[in-house]
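# Coordinate analysis (summary)
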Amino acid sequence: MRQRSLIAITAALSAGALTLTACGSRDSGDNGSDAKGGTTVTIGIDAPLTGDLSALGLGIKNSVDLAVKTANKKEYVKGVTFKIDAKDDQAQPSSGQQNSTAFVTDKSVLGVVGPLNSSVAESMQKVLDDAKLAQVSPANTNPALTQGVNWQKTKTRTYKSYFRTATTDAIQGPFAAQYVYNKAKKTKVFVIDDKKTYGAGLAATFSAEFKKLGGKVVGTEHINPDTKDFSAVATKVKNSGAQVVYYGGEYPQAGPLSKQIKAAGAKVPLVGGDGIYADDFIKLGGASATGDLATSVGAPVETLPSAKQFVADYKAEGYKEAYAAYGGYSYDSAWSIIEAVKKVVDDNDGKLPSDARAKVTAALQNVSFDGVTGKVSFDEYGDATNKQLTVYSVKDGAWKAVESGTYNGS
Amino acid sequence: MNELPQQLVNGLLLGSMYGLVAIGYTMVYGIVQLINFAHGEIFMTGAFGALTVYVYILPDGTSMWIALPLMLVGAIVVAVTVAVGAERFAYRPLRSAPRLAPLITAIGLSLALQQAVWAWYPEAKSARTFPSIPGGPFEIGNVTIQTGDVFLVAAAPLSMAVLAYFVMRTRTGRGMQATAQDPDTAKLMGVNTDRIIVIAFALGAAFAAVGSVAYGFKYGQIDFRMGFILGLKAFTAAVLGGIGNIYGAMLGGLVLGVAEALSTAYIADIPGMDKFGSQSWADVWAFVLLILVLLLRPQGLLGERVADRA
């Protein structure tokens with residue numbers, strides 16, 4: 001009896017091991033040139049596909065998938081078939097880094113779209129840059145990623161392979177401050193952040209501009225993104241006499257935070273950045289989220305003529321999840337890589353050169369095309385040249401655009 | 001200092017929830033000396049049980065007066081089933097194994113339960129909204145109590161009273177005390193220790209289920225990871241109160257909750273401490289408190305029994 005169960009376990013284990021090996025070999029078999037005589041180029045995707053931020057992450061993945069399908073359908077780059085390789089970072093820097101290593105190892109990957117979180121980007125940049133592998137983020141807004149940690153004094157670009165289509169918090173925070181102070185006429189603000197790269201950076205740029213305009217920061221708090229209980233913070237907000245709360249962080253915390261602040265009796269709007277501009281914010285914030293504000297990069301995709309085709313194609317593909325806040329930017333990020341690949345292939349008589357990665361990265365610097373979100377090109381730091389932002393407000397259970405514009409003055 | 005009463009209430013409410021979950025840790029530890037690290041996930045499955053009753057079983061628009069008791073039943077049925085199943089299939093086979101083996105099983109089980117809900121519960125990949133109790137908040141003086149918290153205010157002391165009665169006054173309860181003191185002698189005296197252990201698991205799960213419904217009402221949302229941090233806090237509360245002691249679990253929970261609320265509210269006002277006062281430091285202060293208590297009173301606040309055994 002004992003022996004028989006031992007045999008059963010061994011059999012099960014070896015079957016499992018075989019399955020695993022099979023998976024591995026299939027993966028590597030897919031890479032490189034395929035039987036059709038053409039070349040397969042993989043565009044990597046790194047985004048949170050599960051967990052709290054998956055609503056945004058899946059929108060990124062689907063939009064890149066759409067770009068790749070469009071390029072293949074049009075045979076946009078002769079002799080090259082694109083495919084995607086989407087990896088889940090669960091919004092964790094450590095997972096992002098592992099994914100980067102995997103992308104570097106896979107020789108067919110010539111560009112990576114993502115990640116969503118600035119903190120994840122920090123952990124990926126060096127790995128990808130060492131391999132000269134281009135990375136285009138549709139969503140990172142922390143200025144330090146492109147302009148170095150001392151960006152307020154001296155801007156220096158640390159990683160030549162990192163680009164982004166979203167504008168930065170150096171613009172987003174002050175843009176929100178100007179709206180809140182000049183247009184909404186609020187002078188007392190309570191600033192809360194989640195201490196992460198994105199949230200803390202955004203809160204800092206907002207506070208600086210708000211104070212410069214003449215407003216007063218009546219209180220600051222840092223919350224722990226792992227908890228759901230913000231009652232102690234909400235009580236502090238209520239007793240501070242603030243007219244508005246600015247939150248630097250993302251919607252999984254912002255929704256409950258907004259709800260608990262209002263429940264505590266502080267009837268003040270919560271304002272945040274693109275990290276809270278998601279339908280789930282309204283779902284989590286409940287009815288009391290009405291009147292809350294968010295700034296987000298670019299103009300609303302639905303209103304742009306350049307985006308009509310994207311919105312229609314996205315619908316036609318029948319993706320289960322919405323393209324969410326970064327859909328347009330993700331499509332443009334993927335397309336900028338496709339444009340760069342096209343340039344490299346065209347320059348090399350229709351074939352991929354052996355140092356394709358470095359060439360693609362170099363070509364990215366000079367791409368320029370009309371994308372979903374408008375003109376797409378990158379400045380000397382790898383930042384988007386398109387610096388438009390929009391203020392949205394929660395009305396009747398949905399985000400409604402209030403005002404679009406570009407930040408002026410500094 | 002006019003916000004002190006409100007902050008105390010915030011802390012007590014949070015603490016009551018820790019306490020409800022901590023009871024499960026303490027009872028199981030008291031009887032089999034096992035730290036059931038999957039208890040936080042049992043709490044989580046309870047919340048999904050309640051949600052299932054509300055969303056998929058009851059017709060739309062059912063009054064909360066009818067829905068609430070049924071949701072509680074749903075939560076308790078699911079949590080108890082999971083807990084008893086875990087005891088039967090994950091812990092009982094390892095009862096005579098070294099202490100470390102069931103501990104590792106517990107951690108594995110915790111991950112497995114999280115992933116199971118993540119994979120199979122509809123739309124559980126991100127947070128799901130939980131129904132709310134209608135009505136506005138109550139104001140008592142300058143203290144506001146949310147409608148969602150009213151359930152917690154009523155449920156926590158009531159649960160404690162029921163538990164105290166059960167353990168002190170019933171035959172099974174006395175059997176539990178006997179098993180906790182000395183399982184071998186209890187067995188010789190005719191106590192069915194296997195049954196007592198199952199009851200300890202089931203009872204702990206039932207209290208966690210009540211806590212999970214309170215969590216849903218309080219925050220308006222539940223997700224597959226909600227049990228992890230809360231379970232860790234509840235475990236801390238159980239140790240703080242003296243693991244093995246059911247009153248200690250509740251007291252530990254309350255102390256922990258109040259410590260978190262007050263540290264968020266006031267530490268920053270102490271000169272030179274403004275960097276360490278925000279809510280993101282609340283957990284740190286909670287653990288500082290735990291360490292202090294354990295240094296001065298290694299058995300925890302009310303934990304005499306553990307000291308007796310040692």
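The model shown is predicted, which means the values in this text are computed figures rather than measured ones. (Residues numbered from 1 in each chain as written. Chains lettered and ligands numbered in written order. Predicted model: local features only at pLDDT ≥ 70, side-chain atom pairs only at ≥ 80, totals over all residues. Heavy atoms only, no water.)

What follows is about the overall build of chain A. What chain A contains, in helices and strands, is 13 helices and 14 strands. Its C-alpha radius of gyration of 23 Å places chain A within 12% of the 22 Å reference for a compact globule of 410 residues. With respect to the three principal axes, the spread of C-alpha positions in chain A is 70 × 65 × 40 Å. Residues classed as buried in chain A amount to 57% of the 410 residues present. Residue pairs in contact within chain A that sit at least 24 positions apart in sequence constitute 73% of those at least 6 positions apart. Total accessible area computed for chain A in this model is approximately 16800 Å², and 53% of it derives from carbon and sulfur atoms. If the 47 positive side-chain charges of chain A are averaged to one point and the 42 negative ones to another, these points end up 4 Å apart. (Helix = DSSP H or I, 4+ residues; strand = E, 2+ residues; numbered from the N terminus. Rg over C-alpha atoms; globule rule 2.2 N^0.38 Å. Buried < 20%, exposed > 50% of the residue type's maximum accessible area, 1.4 Å probe, protein only. Contact = heavy atoms within 4.5 Å. Areas by Shrake-Rupley, 256 points an atom, 1.4 Å probe, with all protein chains shown as cover. Lys, Arg positive; Asp, Glu negative; His and termini not counted. Charge placed at Lys NZ, Arg CZ, Asp CG, Glu CD.)

Taking the numbering used here, the UniProt-annotated feature "domain: Leucine-binding protein" (unreviewed entry) corresponds to residues 40-397 of chain A. Segment residues 40-397 of chain A splits into 43% helix and 19% strand. End C-alpha atoms: 44 Å apart. (UniProt positions renumbered as here; feature names shortened; annotations may be inferred.)

So, about the sheet that holds strand β10 (residues 293-297) of chain A. Residue and element names in this part refer to chain A. The seven strands are arranged β7-β6-β8-β9-β10-β13-β14 in an open sheet whose pairing can be described as mixed. Two strands lie at the open edges of the sheet, namely β7 (216-222) and β14 (398-406), each paired on one side alone. In this sheet, adjacent strand axes meet at a mean angle of 25° when their direction is disregarded. As paired strands, β10 and strand β13 (residues 388-395) are joined by five bridges and run antiparallel to one another. Pairing of T295 across the sheet is with V391, part of β13. The strands touched by helix α6 (residues 169-183) are β8 (244-248), β9 (270-272), β10, β13 and β14; relative to β13, the strand with the most contacts, the crossing angle is about 55°. (Pairing = 2+ DSSP bridges. Axes fitted to C-alpha atoms, helices over the stretch in contact; angles between N-to-C directions.)

Next up on the list: unusual backbone geometry. In this chain, G114 of chain A is followed by P115 of chain A through a cis amide linkage whose omega measures -5°. Its place among the elements puts P115 of chain A in the loop between β3 (109-113) and α4 (118-130). Its identity is not glycine, yet Q90 of chain A carries a phi of approximately 50°, on the positive side. Of the residues examined, Q90 of chain A reaches a relative accessible area of 42% and is grouped as partly exposed. Despite not being glycine, E123 of chain B shows a phi value in the positive range, around 55°. Here E123 of chain B lies in the loop between α4 (100-120) and β1 (128-129).

Before going further, it helps to examine the interface of chain A and chain B. The interface of chain A with chain B comprises 29 residues on the first partner and 31 residues on the second. Buried area between chain A and chain B, both sides added, is near 2500 Å², and the carbon and sulfur share of it is 46%. Three residues, K228, D229 and K236 of chain A, lead the burial of chain A against chain B; their summed loss comes to 20% of the area buried on that side. The tally of links from chain A across to chain B stands at three salt bridges. (Buried area = accessible area lost by both parts, 1.4 Å probe. Salt bridge = Lys/Arg side-chain N within 4 Å of Asp/Glu carboxyl O.)

Another aspect to go through is the packing of helix α2 (residues 39-57) of chain B against helix α9 (residues 226-241) of chain B. Residue and element names in this part refer to chain B. Running from amino to carboxyl end, α2 crosses α9 at an angle of 130°, the nearest separation of the two axes being 7 Å. By the angle between their directions, the pair α2 and α9 is classed as oblique. The crossing of α2 and α9 is right-handed. From α2, G40, E41, F43, M44 and A47 reach across to α9, where they touch M226, G227, F228, L230 and G231. A per-class count over the contact of α2 with α9 returns six nonpolar, three polar and one charged. (Parallel < 35°, antiparallel > 145°, perpendicular 65-115°, else oblique. Left-handed = near helix turned anticlockwise from the far one by under 90°. Nonpolar A, V, L, I, M, F, W, Y, C, P; charged D, E, K, R; others polar.)

Turning our eyes to something else, we now look at the environment of L110 of chain A. Residue and element names in this part refer to chain A. Topologically, L110 is positioned in strand β3. Each C-alpha atom of the pair L110 and P138 lies 17 Å from the other, and the pair is 28 residues apart in sequence. In contact with L110, not counting residues within four places along its chain, are V41, T42, L133, A134, V341, L352, A356, R357 and V360.

Residue and element names in this part refer to chain A. By secondary structure assignment, the location of S108 is in the loop between α3 (93-105) and β3. Taking the relative accessible area as the measure of exposure, S108 reaches 7% and is therefore buried. Within the local environment of S108, its side chain forms a polar contact with the side chain of T42, the two groups lying 2.6 Å apart. (Polar contact = N/O pair within 3.5 Å; in protein donor to acceptor, adjacent residues only side chain to side chain.)

Residue and element names in this part refer to chain A. Under the defined criterion, the tally for this structure stands at 23 salt bridges over all chains. In this structure, K69 and E317 form a salt bridge, with 3.5 Å as the shortest nitrogen-oxygen distance. Here K69 is found in helix α2 (residues 54-74), whereas its partner E317 is found in helix α11 (residues 308-317), with 248 residues between them in sequence. The exposure class assigned to K69 is partly exposed, which follows from its relative accessible area of 34%. In this structure, K126 and D130 form a salt bridge, with 2.9 Å as the shortest nitrogen-oxygen distance.

A cluster of nonpolar side chains, namely V284, V288, I291, L292, L295 and L296 of chain B, defines an oily patch on the protein surface of about 590 Å² accessible area. You can see V284 of chain B is positioned in helix α11 (residues 282-296). (Patch = residues over 30% accessible without salt bridge, like charges linked within 9 Å, V, L, I, M, F, W, Y side chains within 5 Å.)

A few words on the sheet that holds strand β4 (residues 134-137) of chain A. Residues and elements named next belong to chain A. Across the sheet, five strands lie side by side as β2-β1-β3-β4-β5; this open sheet has parallel pairing. The sheet is open, and its two borders are formed by β2 (80-88) and β5 (162-164), each paired with just one other strand. On average, adjacent strands in this sheet sit at an angle of 25° to one another, irrespective of strand direction. Examined bridge by bridge, β3 and β4 share three bridges and lie parallel to one another. Among the inter-strand pairings, G111 is bridged to a residue of β4, identified as A134.

For the rest of this paragraph, the subject is the confidence of the model for chain A. Regions with low pLDDT should not have their predicted coordinates read in detail. Confidence along chain A averages 88 in pLDDT terms, with 90% of residues attaining 70 or more. Scored below 50 in pLDDT, residues 17-36 of chain A shows 11 contacts in the model against residues more than four places distant or in partner chains. (pLDDT = per-residue confidence, 0-100.)

With that settled, consider the packing of aromatic side chains. Each aromatic ring pair is specified by the distance between its two centres and by the angle formed by the two planes. Taken as a whole, this structure holds 24 aromatic pairs over all chains when the rule is applied. Relative to W335 of chain A, the ring of Y76 of chain A has its centre 4.9 Å away and its plane inclined at 55°; by these criteria the two rings are tilted. Of this pair, Y76 of chain A sits in the loop between α2 and β2 while W335 of chain A sits in helix α12 (residues 327-347), and the two are 259 residues apart along the sequence. The exposure class of W335 of chain A is buried, given its relative accessible area of 7%. Judged by centre distance (5.6 Å) and plane angle (65°), the rings of Y277 of chain A and W399 of chain A are edge-to-face. Taken together, the residues Y277 of chain A in the loop between β9 and α10 (279-285) and W399 of chain A in strand β14 connect sequence positions 122 residues apart. On the basis of relative accessible area, Y277 of chain A is assigned to the buried category, the value being 16%. With a relative accessible area of 11%, W399 of chain A lands in the buried category. Among the aromatic side chains, those forming a connected cluster through ring pairs are Y76, F310, Y314, Y319, Y323, Y331 and W335 of chain A. Its end group placed over the ring of F89 of chain B, R88 of chain B keeps NZ or CZ at 5.6 Å from the ring centre. (Phe/Tyr/Trp six-rings, centres within 6.5 Å; stacked < 30°, edge-to-face > 60°. Lys NZ or Arg CZ within 6 Å of the ring centre and 35° of its normal.)

Moving on: the UniProt feature "transmembrane region" (unreviewed entry) in chain B. Residue and element names in this part refer to chain B. Residues given the UniProt feature "transmembrane region" (unreviewed entry) here are residues 12-35, 42-59, 65-86, 98-121, 150-168, 196-218 and 280-296. Spanning residues 65-86, this segment combines 100% helix with 0% strand, and its end C-alpha atoms are found 32 Å apart. The distance from the first to the last C-alpha atom of residues 98-121 is 35 Å, and the span holds 88% helix and 0% strand.

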